[in-house]
Amino acid sequence: TYGDEEACIELAALAAREGIGISAMGLGADWNDAFLDQVAGRTGNTSHYIARPQDIQKLLVEKFHELTRVLAEETTLETQLPEGVLLNYAFRLQPESGPLNFGNTTQLGPILRDTGLSMLFEFLVQPTALESNNARLLDGTLKIAMAARPTPLPPIRIQFECEIADEPGISPPPPAILQALSRLTLYRMQERARAESQAGEFDRATHSLKNLAVHLLEQGHRDLANTVLLEAENIQRKHTFSLTGEKEIKYATRALLMQEGELIP
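Not measured: the values here are computed from a predicted model.

K.L.:
Outline empty space enclosed by the protein, supporting the account with residue identities and numerical values.
P.N.:
One pass over the full model with this rule turns up 1 cavity of 30 Å³ or more. Here the largest cavity is characterised by a volume of approximately 50 Å³. Looking at the lining of the largest cavity, its residues break down into 4 nonpolar, 3 polar and 3 charged.

K.L.:
Residue-level account of the side chain of Asp33, with values.
P.N.:
Along the chain, the position of Asp33 falls in helix 2 (residues 33-41). A distance of 3.0 Å separates a polar atom in the side chain of Asp33 from a polar atom in the side chain of Arg194. At 2.7 Å, the side chain of Asp33 forms a polar contact with the side chain of Lys250. Once residues lying within four places of it in the same chain are set aside, the contact partners of Asp33 are Ser47, Arg194, Lys247, Lys250 and Tyr251.

K.L.:
Before we move on, can you summarise the pairing of strand 5 (residues 85-94) with the specific residues and values?
P.N.:
Most of strand 5 is tucked away: 8 of the 10 residues are buried. Bridge analysis of strand 5 against strand 6 (residues 98-99) gives 2 bridges, and the strand direction is antiparallel. Among the inter-strand pairings, Phe91 is bridged to a residue of strand 6, identified as Pro99. Here strand 5 hands over to strand 6 after 3 residues, the two strands then running antiparallel side by side.

K.L.:
Can you tell me about the sheet that holds strand 9 (residues 118-125), naming the residues and giving the values?
P.N.:
The 3 strands are arranged 6-5-9 in an open sheet whose pairing can be described as antiparallel. The two strands at the open ends of the sheet, each matched to only one other strand, are strand 6 and strand 9. Taken strand by strand, helix 4 (residues 175-198) contacts strand 5, strand 6 and strand 9, and its axis lies near 100 degrees from that of strand 5.

The rules behind the values
Residues numbered from 1 in each chain as written. Predicted model: local features only at pLDDT ≥ 70, side-chain atom pairs only at ≥ 80, totals over all residues. Heavy atoms only, no water. 1 Å grid on protein atoms, 1.4 Å probe; cavity = no way out; pocket = protein on both sides within 12 Å on 5 of 7 lines; lining within 4 Å. Points joined across faces, edges and corners; volume = space filled by probe spheres on them. Nonpolar A, V, L, I, M, F, W, Y, C, P; charged D, E, K, R; others polar. Helix = DSSP H or I, 4+ residues; strand = E, 2+ residues; numbered from the N terminus. Polar contact = N/O pair within 3.5 Å; in protein donor to acceptor, adjacent residues only side chain to side chain. Contact = heavy atoms within 4.5 Å. Buried < 20%, exposed > 50% of the residue type's maximum accessible area, 1.4 Å probe, protein only. Pairing = 2+ DSSP bridges. Axes fitted to C-alpha atoms, helices over the stretch in contact; angles between N-to-C directions.

This is the structure we're talking about:
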């Protein structure tokens with residue numbers, strides 16, 4: 001689509017209010033992945049990169065199989081952030097990894113049988129929010145729609161708090177948080193490189209990509225690391241990503257989030 005992106009995003013928001021999910025597919029290389037993420041994200045879903053026509057059938061089979069495992073069709077988080085607290089980043093790790101369009105009402109997508117719904121939130125807390133022994137990060141309500149239930153589920157109250165201390169504690173963060181961060185790091189590294197390239201900071205973008213390639217090699221993803229290094233050369237010489245390479249890196253690092261099994265509950 002060209003020129004009517006805002007209208008499409010509004011339609012996606014309307015679909016979300018009607019309980020309709022949208023999964024977006026980008027074919028080839030010449031399409032706006034950020035736009036497709038926004039459209040699908042409005043309904044709690046995400047976009048997919050289709051490099052070859054034969055991959056369409058594979059994705060559709062996976063989607064139809066996923067529909068047979070749906071436990072709750074729709075999950076909605078209604079939130080209010082306290083004064084002095086900003087949400088810096090929101091990402092759904094499973095059942096389908098992708099960025100979340102966070103707002104007062106956030107669509108989280110369906111809940112599948114035998115698969116947890118896992119998200120990672122990164123908060124930026126201002127000193128004004130640190131007035132007691134606990135910092136309140138988020139007040140919210142989780143609403144779950146299950147068509148199989150004759151009566152609606154009551155809303156679930158959610159509140160995030162963080163203890164405040166003058167000195168950092170000696171206990172490590174929960175294993176689930178460390179595991180989630182380790183998985184998400186590679187994806188965020190490519191996000192940083194793209195942002196630096198778009199801002200004209202080509203040396204920084206090149207450095208970020210080379211750093212990403214090192215991490216990929218350490219984890220045994222040699223082919224993807226080579227693609228990243230080729231894009232680093234592209235940015236150094238042409239001051240731009242290639243259309244294909246940019247999307248390959250984004251969606252491949254996103255796919256790595258799903259390759260190690262489920263997160264610790």
